[in-house]
Amino acid sequence: MKRRTFCTLATAGSASLALGARPARAATTVSLWHIFGYSTEPGLINIARFNASRSDLQIDGKSIPFGQLSQQLVKGVATGDVPDLITIDNPTVASFASQGVLEEVGARVAASRILAKDRFFPGSWATTISQGKQFAVPGEVNTLLFYVNQDLLRAGGLDPAKPPQTWAELTAVAAKLADPAKGKYGVGVSAIQTEEGTFQWLPFLQQSGASLKTLTSPDAAAALQLWVDWVQKGYASHDILVKRQSEMTDAWLAGNTAMSLSGPWELPRILRDVKFAWTVMPMPVREGRNIHATALGGYVWAIPKGARNIDAAFQVIEYMLAPEQAARSFAGGRLPAVQDVQPPTDLPRAEVYAAFEGQLQYARPRGPSPEWPRISEALQRAIQQAVTGQQSAQQALATASATIAPLLQRYPIEGM
Amino acid sequence: MSRDRFLDSPTIWALLIGAAALFLLLLVGYPIAYNLVMSVQEVTLGNLPSFSRPWVGLENYRQLLADPLFLLVAKNTLIFTIANVAVQFVLGLGLALYFQLSFPASSFLRGLVLVGWMLPPLVIGAVWKWLLGSDSGFVNYALQGLGLISGKIYWLSDPSLSLLAVTIANIWFGAPFNMILLAAGLAGIPADIYEAAALDGAGPVRRFVWITLPLLRPTIYALLSLSTVYTMRAFDLIYTMTHGGPLDSSNIFPVWSYRMSFELFDFGGGAAIATAMFALVLVVALAYVRSVNAERPM
Amino acid sequence: MRRALVPLRPWLLTLGGVAIAAVYLFPVYWMVISSLKANPELFAAVPTLYPHAPTLAAFRWIFERENVGLYLQNSAIISFSVTALTLVLATGAAYALARTRTFWTAAMVVAIMAVQVLPPPLLVTPMFVIFRQIGLVNTQFAVILATTTKVLPFAIIMLRTSFAQIPVELEEAARVDGCPRFIAFFRITLPLARTGYIVVSSLVFLLAYGEFVYPLSLMNRKELQPGPVGLYSFVGADFADWSDALAFATVFVAPVIVLYMFLQRRIVSGLTAGALK
């Protein structure tokens, strides 16, 4: 059954992990700090395969909980104990690079055949460049789609074959299916005060026709007001303010939300646990604007300054992005950053992976800007102010704009 | 010096204290000094590895005080600390007194209450986050079932309630600590004192006020001081439940310090908050030492 | 000492005790039943008080996937070592602080009390520097030392309070009889402080058992890690598989509960012995 796919991947992983966990004889060891915590992560399988296939080079991987990554990297930098290779969240490249924490890899990448620029999705490539220099290599990416509970749609008298195409239609569907007194909601997004909130709302801003430079425009206000209305009218739960994307998906899996916005990382566990008919649909556009924009997430491979085995680390990066390794991403709920790899057709619900792949052409990076943490924080605050009703959408965005405008002046972001 | 004389001399005092003092000095004193130094420098990821960073004097502290969040976080910390210490103490005392009574399985049940302490904060935070979830949380479900509320309470997502929510969870977490320390203190009071008082005609309330409380005083002072310090450093639970939000409504100093250092990479600011916390707590520690010095030997 | 109130039927009190424990342990109960539920049921709109379709899948999965026994073993090693080291270091300091009263001892008490306010994430970086200088990174010994610093102040303060409540006259009497202070301490004072030791060692052990920041920051090798770090294998970057995580947490907590049940009798007698004159 579905559990078995889950399991066989993992047992293959753990078997080879057992094989490859101990670095062999006098091999060079590349220390890798990664975020591959859960057993189905394709990254773990790739690490094991690498160790099994090479005798001169071994990866010594350390799994770091995502929430601790920043703290551990800081500690590493502070004490000079940095790994040779690290996976970092793509919007953080510019801020780390600008503080001199990352090695410049532009020359090595240019000389590499596997890491040819045209293999990668342009948005993903852009996140690795800061101030004209390249500091990282894209690893795996993700983007957003609405997961749709078709049973709930049908029960509400709607045709699941005709998903909402515009914001107005989406809101109408959500209104029809919401019953907050019973804990049932029509739509789910994450408005949490962390990078995840920015990740989810930014596409709406972009689809409204506004940008970070025009936060005070009526378009931007409309993008935020959309979320405010959803919560205030009960189409979306009040708890979106404190829930991560995966927690919103938890509610969707339990049958409490009809349409929930999230990414491909949910697929392994959805396939294992879902008990109703479901599909995915792209983010609806704003009526009259027709702009397709969606989010670009994922991690990149970076080499910290002070790493001892830079060449070896680079070989690991090349290995990870070779087509054979990249193709493993899909089964683990990830999308490769390279365009020349297609999802295997024998995967369950292969069309969903294809749908995610298809969205990547519209996926826009966050930044890159060395000031992204502060920009993101201002946006998060605005979202929370408006959704809690403490300020109107316009006021909240005006406050955010006051913080963001000088940051954009100092480090202009192309296309934002 | 003969062995006996040596064992009685001040040297042995110095050695005994010295071992622990040295240990703490090295492993804790150095980090405190490290933080203190960072708080008067301009620290970025770039200059983090070296110790010679630009000196900015009290600039980090000045920026802290000028930060619009400062008053809110300070207020939250004050409310959070007072509520926790007070309620945990009363609850702990009540539980300790109750389980002190003689009935079957009393000590077993008392020990069971400690189970909450064994769980990692990640789990406690997650469980409470679910229990207090506005939609599928059990607390709302129970309150609605009992007819106590009509709508949902947005425990975690309403800025005016989030501090209450994390306070409740932290009280749950901390009360057993109070209980067990008070139980130990109660156990140290000999029964014959009570019997003598009872013979003199003192009722249970008078016995409690005039015998139990005074004899418990050293334990109470230690407990209240420790409780204050531990509450002020409460970080894991709040970070897991609300991340300090929404909109910093449940943000307290330790959470703010962490976010400043590791999310905004403003290490000077984070260190300044930590040093300020240390200074605040010195007040509590000084009060404790005064109470210790006022102890009259039994 | 136990005080029997005016005759209230004891079993009524037991019932009350059970009710209190039940209410208090509700979150723990929630954790355990959640580990038996399939993921979607965890977040059902109407929370279920017992698993409607209980499944041991999560437990099977964690035993298959993770070497749970190794995590528990590491946790045990670290926790017991921390407890032992703490008691050894705290005893001398607490006794000295209880019996002498100088400016320096007062200063030390102030310092010990205040030092506890700093949360481990803030201390971990400089601590890492120290351990690297003495070549202890990546060892459980470093974690034991670091965790001890977290609990030592508490132990010193609590034991100091215990010792302070034991009248000096008892030791003086022994010394008059020719017994040196050191011996008097072991034969008279220490046994009388038994309650304090029981409380301190239990709490210190529990605190060390749940420690997470130091093991993660000071050790790189997975095979040395204790349970709380292992818990994070089930909390991925983008999502958490909660029934697995909770199953792991349940398994993690169970041995301590069992240990407690076995030791419970001795703990009881320790707490009731009190100060026998």
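Attention now moves to the overall build of chain C. Broken down by element type, chain C carries 14 helices and 0 strands. Across its three principal axes, chain C shows a C-alpha extent of roughly 70 × 65 × 30 Å. For chain C, restricting intrachain contacts to residue pairs at least 6 apart in sequence, the fraction spanning at least 24 positions comes to 72%. Counting every atom, chain C has about 10900 Å² of accessible surface; 70% of that belongs to carbon and sulfur. Charge centroids of chain C, computed over 20 positive and 12 negative side chains, lie 12 Å from each other.

Let us look at the nonpolar core. Among the nonpolar cores identified, the biggest contains 329 residues, and Phe204(A), Leu212(A) and Trp278(A) are the most heavily contacted of them. The residues touching Trp278(A), leaving out its near neighbours within four places in the chain, are Tyr147(A), Val148(A), Gln150(A), Trp252(A), Leu267(A), Ile270(A), Leu271(A), Arg349(A) and Val352(A).

The next point concerns the pairing of strand S9 (residues 257-262) of chain A. Residues and elements named next belong to chain A. When you tally the buried positions in S9, you get 6 out of 6 residues, the bulk of the element. The pairing of strand S7 (residues 145-149) with S9 spans 4 bridges and is classified as antiparallel. Counted as the bridge partner of Tyr147 is Ser260 from S9. In terms of strand pairing, strand S8 (residues 185-188) meets S9 through 3 bridges, oriented parallel. Counterpart to Tyr185 in the pairing with S9 is Thr257.

A separate point is the domain arrangement of chain A. Residue and element names in this part refer to chain A. You can read the domains of chain A as domain 1 (3-142 + 297-364) and domain 2 (145-295 + 367-410). Summarising the inter-unit geometry, the C-alpha centres of domain 1 and domain 2 are found 28 Å apart. With 28 residues of domain 1 at the contact, the number on the domain 2 side is 28 residues. Summing both partners gives a buried area of about 2400 Å² for domain 1 against domain 2, and 68% of it is carried by carbon and sulfur. Of all residues in domain 1, Arg349, Phe356 and Arg364 give up the largest surface area on contact with domain 2, accounting jointly for 25% of the area buried on that side. Where domain 1 touches domain 2, the interface holds 4 residue pairs in polar contact (both at pLDDT 80 or more). Residue assignment for the side of domain 1 that touches domain 2 shows that the elements contributing at least two residues are helix H1 (2-20), helix H4 (93-98), helix H15 (350-359) and strand S14 (363-364). Tallying contributions element by element places H15 first for the side of domain 1 that touches domain 2, with 5 residues. When its residues are assigned to classes, the side of domain 1 that touches domain 2 shows 15 nonpolar, 8 polar and 5 charged.

Turning our eyes to something else, we now look at the packing of helix H8 (residues 167-177) of chain A against helix H10 (residues 218-232) of chain A. Residue and element names in this part refer to chain A. Across the interface, H8 lies against H10 with an axial gap of 11 Å and an inter-helix angle of 5 degrees. When the axis of H8 is compared with that of H10, the two are roughly parallel. Each of Trp167, Leu170 and Thr171 in H8 lies in contact with H10, whose residues at this interface are Ala222, Ala223, Leu226 and Trp230.

All names here are of chain A. A sheet is described by the order of its strands in space; here 6 strands give the open sequence S2-S1-S3-S12-S6-S13, paired in mixed fashion. Looking along the sheet, the strands with just one partner apiece sit at the ends: strand S2 (57-63) and strand S13 (335-336). Its contacts with the sheet put helix H3 (residues 69-79) on strand S1 (28-34), S2 and strand S3 (85-89), and the angle it makes with S3 is roughly 135 degrees.

Moving on, we get to the packing of aromatic side chains. Enumeration over the complete set of coordinates arrives at 45 aromatic pairs over all chains. Between the aromatic rings of Phe138(B) and Tyr141(B), the centroid separation amounts to 6.0 Å while the plane-to-plane angle is 55 degrees, which identifies the pairing as tilted. Of this pair, Phe138(B) and Tyr141(B) both sit in helix H7 (residues 138-145), separated by 3 residues, roughly a single helical turn. Judged by centre distance (5.2 Å) and plane angle (25 degrees), the ring pair of Phe235(B) and Tyr239(B) falls under stacked. As far as the burial class goes, Phe235(B) and Tyr239(B) line up, both buried. Seen from the ring of Trp33(A), Lys62(A) lies directly overhead, with NZ or CZ sitting 5.3 Å from the centre.

Residue and element names in this part refer to chain A. Taken together, 4 strands build an open sheet; the order of strands is S8-S9-S7-S10 and the sheet is mixed. On the outer flanks of this sheet lie S8 and strand S10 (278-281), each paired with one strand and no other. Here the average twist between neighbouring strands, direction ignored, is 15 degrees. Helix-sheet contacts for helix H11 (residues 245-253) involve S7, S8, S9 and S10, and the interaxial angle to S9 is about 155 degrees.

Attention shifts here to the interface of chain B and chain A. Taken residue by residue, the interface counts 30 residues in chain B and 30 residues in chain A. Overall, the association of chain B and chain A removes approximately 2600 Å² of surface from exposure, summing both partners, and the carbon and sulfur fraction of that is 56%. Summed over the three residues of chain B that lose the most area to chain A, namely Leu45(B), Leu247(B) and Leu264(B), the buried surface amounts to 24% of that side. Viewed at the interface, chain A and chain B are joined by 2 salt bridges. With its nearest N and O atoms 2.9 Å apart, the salt bridge here joins Arg381(A) to Asp248(B). Inspection of the region where chain B meets chain A yields 14 residue pairs in polar contact (both at pLDDT 80 or more). Ranked by residue count, the leading element in the side of chain B that touches chain A is helix H12 (residues 253-262) of chain B, at 3 residues.

Turning our eyes to something else, we now look at the interface of chain C and chain B. With 103 residues of chain C in contact, the opposing surface of chain B contributes 101 residues. Roughly 9700 Å² of surface becomes buried between chain C and chain B when both sides are summed, with 77% attributable to carbon and sulfur atoms. Our enumeration of links across chain C and chain B arrives at 0 salt bridges. Between the two partners, chain C and chain B, sit 6 residue pairs in polar contact (both at pLDDT 80 or more). Among the elements that make up the side of chain C that touches chain B, the one with the highest residue count is helix H8 (residues 140-164) of chain C (13 residues).

What follows concerns the domain arrangement of chain C. Residue and element names in this part refer to chain C. What the domain assignment lists for chain C is domain 1 (1-55) and domain 2 (71-272). Look at where the C-alpha atoms of domain 1 and domain 2 centre, and you get two points 29 Å apart. Taken together, the contact pairs 10 residues of domain 1 with 8 residues of domain 2. Buried area between domain 1 and domain 2, both sides added, is near 740 Å², and the carbon and sulfur share of it is 66%. Along the contact surface separating domain 1 from domain 2 lie 0 residue pairs in polar contact (both at pLDDT 80 or more). Elements that contribute at least two residues to the side of domain 1 that touches domain 2 include exactly helix H2 (26-36) and helix H3 (39-42). Per-class residue counts for the side of domain 1 that touches domain 2 are 5 nonpolar, 3 polar and 2 charged.

Analysis parameters
- Residues numbered from 1 in each chain as written.
- Chains lettered and ligands numbered in written order.
- Predicted model: local features only at pLDDT ≥ 70, side-chain atom pairs only at ≥ 80, totals over all residues.
- Heavy atoms only, no water.
- Helix = DSSP H or I, 4+ residues; strand = E, 2+ residues; numbered from the N terminus.
- Contact = heavy atoms within 4.5 Å.
- Areas by Shrake-Rupley, 256 points an atom, 1.4 Å probe, with all protein chains shown as cover.
- Lys, Arg positive; Asp, Glu negative; His and termini not counted.
- Charge placed at Lys NZ, Arg CZ, Asp CG, Glu CD.
- Core = buried A, V, L, I, M, F, W, Y, C linked by side-chain atoms within 4.5 Å.
- Buried < 20%, exposed > 50% of the residue type's maximum accessible area, 1.4 Å probe, protein only.
- Pairing = 2+ DSSP bridges.
- Domains from an automatic or database assignment.
- Buried area = accessible area lost by both parts, 1.4 Å probe.
- Polar contact = N/O pair within 3.5 Å; in protein donor to acceptor, adjacent residues only side chain to side chain.
- Nonpolar A, V, L, I, M, F, W, Y, C, P; charged D, E, K, R; others polar.
- Axes fitted to C-alpha atoms, helices over the stretch in contact; angles between N-to-C directions.
- Parallel < 35°, antiparallel > 145°, perpendicular 65-115°, else oblique.
- Phe/Tyr/Trp six-rings, centres within 6.5 Å; stacked < 30°, edge-to-face > 60°.
- Lys NZ or Arg CZ within 6 Å of the ring centre and 35° of its normal.
- Salt bridge = Lys/Arg side-chain N within 4 Å of Asp/Glu carboxyl O.

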